[in-house]
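Coordinate inspection notes
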Amino acid sequence: MVNPNEVYTLDYETTFSRKRGISLSSMSPEQYLNHPWVECYMVGIAGPDKFVWAGDPKDAPWDRLNGKIGVMHNARWDFSVFTHKKGAVPDHIKLGKLY
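Please read all numbers here as calculations on a predicted model, not as lab measurements.

Further remarks concern the nonpolar core. One recurring pattern in soluble globular proteins is that nonpolar side chains are buried together. Residues Tyr12, Tyr32, Ile45, Trp62, Leu65 and Phe82 are the most contacted members of the largest nonpolar core, which totals 22 residues. Mapped by element, the contributors of at least two residues to this core are β1 (7-14), α1 (29-34), β2 (40-47) and α2 (75-83). What tyrosine 32 contacts, discounting residues up to four positions off in sequence, is Thr14, Thr15, Phe16, Ile22, Ser23, Leu24, Met27, Val38 and Trp77.

Here it is as structure tokens:
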């Protein structure tokens, strides 16, 4: 059974440009995130006790998520950003489970 007090949702926003050929419709998440023009400019986090936070990933309260359950609407994409340097997640932060 999942404890709802352990569940956090994450959603990343990144730059893109179809004019420059930078798009997930033509690139894998890894290719896209490794492109020098792409920036991760926002992450939204929601969790227990009506906790909601959105802003620059460098300022995110990552310690709240350590060992918790992560729920992501587009898990392949958001997890790719979460584990990539552009996601700005400190190395010591690990999700307990991911859905």
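In this section: the side chain of threonine 14. Its place among the elements puts threonine 14 in strand β1. What makes threonine 14 buried here is its relative accessible area of 12%. One polar contact links threonine 14 to tyrosine 32, side chain to side chain, over a distance of 3.3 Å. Apart from residues no more than four positions distant in its own chain, threonine 14 is found in contact with Tyr32, Val38, Glu39, Cys40, Tyr41 and Trp77.

Scoring rules and cut-offs
- Residues numbered from 1 in each chain as written.
- Predicted model: local features only at pLDDT ≥ 70, side-chain atom pairs only at ≥ 80, totals over all residues.
- Heavy atoms only, no water.
- Core = buried A, V, L, I, M, F, W, Y, C linked by side-chain atoms within 4.5 Å.
- Buried < 20%, exposed > 50% of the residue type's maximum accessible area, 1.4 Å probe, protein only.
- Helix = DSSP H or I, 4+ residues; strand = E, 2+ residues; numbered from the N terminus.
- Contact = heavy atoms within 4.5 Å.
- Polar contact = N/O pair within 3.5 Å; in protein donor to acceptor, adjacent residues only side chain to side chain.

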